Amino acid sequence: MGTFSIWHWVMVILLFVWPAIFVATERTHKTMTRLEFICWVLGFLLFGLAIYGLQVAIGPGASSINIFLLIVNFGIAIALYRFIVRRCRDAGHGKTLAYVAVIPLVNLVVILYL
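Summarised in this report is the structure supplied together with it. This structure is a prediction, so every number in the text was calculated from the model and none was measured. (Residues numbered from 1 in each chain as written. Predicted model: local features only at pLDDT ≥ 70, side-chain atom pairs only at ≥ 80, totals over all residues. Heavy atoms only, no water.)

**Observations regarding the overall build of the protein chain**
A count of helices and strands for the protein chain gives five helices and zero strands. Here the protein chain displays about 7,600 Å² of accessible surface, and carbon together with sulfur accounts for 76% of that area. (Helix = DSSP H or I, 4+ residues; strand = E, 2+ residues; numbered from the N terminus. Areas by Shrake-Rupley, 256 points an atom, 1.4 Å probe, with all protein chains shown as cover.)

Structure (structure tokens):
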């Protein structure tokens, strides 16, 4: 095994390439007000905490349920990045700031800014 295995590449794709694809494919030209954006982000946060609680309650033995919850989390990520693009448009920043939001931990700062 080299310094960069296939699992490292999968993580790079999931963390950077996948969200960038979601940002690039958002072409609806819809906008979102700050209040709508805050409500959706808080809803995603609460839903994510509920999923985490469910995963802790189930434990590591139920791998099929955990895989299903992982797919649900990817669906949430798709919606969140699309909403970030819509809020950036409404704030007058375009997709540039949304591409910056693809970077992990920087996206938290961007969400707080928007």
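**Some points on helix H2 (residues 34-58)**
Counted at 1.5 Å a residue, the expected span for H2 with its 25 residues is 36 Å, and the 36 Å between its end C-alpha atoms agrees. Those residues of H2 that sit buried are Phe37, Phe44 and Ile51. Next to the buried residues of H2 lie helix H3 (63-91) and helix H5 (106-113). Following H2 by one or two positions, Gly59 adopts a phi angle in the positive range, close to 90°. (Expected span 1.5 Å × (residues − 1). Buried < 20%, exposed > 50% of the residue type's maximum accessible area, 1.4 Å probe, protein only. Contact = heavy atoms within 4.5 Å.)

**Regarding H5**
Along H5, the residues classified as buried are Asn107, Val110 and Ile111. Each buried residue of H5 sits inside an arc of 100° when the element is viewed along its axis, so together they form one side. Residues Val109 and Leu112 are exposed on H5 and point more than 90 degrees away from its buried face. In this structure, the buried side of H5 is in contact with H2, H3 and helix H4 (95-100). (Arc of directions from axis to C-beta.)

**Description of a nonpolar patch on the surface**
A cluster of nonpolar side chains, namely Met11, Ile13, Leu15, Phe16, Val17, Trp18, Ile21, Val100, Ile103 and Val106, defines an oily patch on the protein surface of about 800 Å² accessible area. Element by element, the count of residues in the nonpolar patch is highest for helix H1 (residues 6-24), at seven residues. Relative to the helices and strands, Val106 resides in helix H5. With relative accessibility at 31%, the residue Val106 sits in the partly exposed group. (Patch = residues over 30% accessible without salt bridge, like charges linked within 9 Å, V, L, I, M, F, W, Y side chains within 5 Å. Salt bridge = Lys/Arg side-chain N within 4 Å of Asp/Glu carboxyl O.)

So far we have only geometry, and geometry alone does not tell us how the molecule works.
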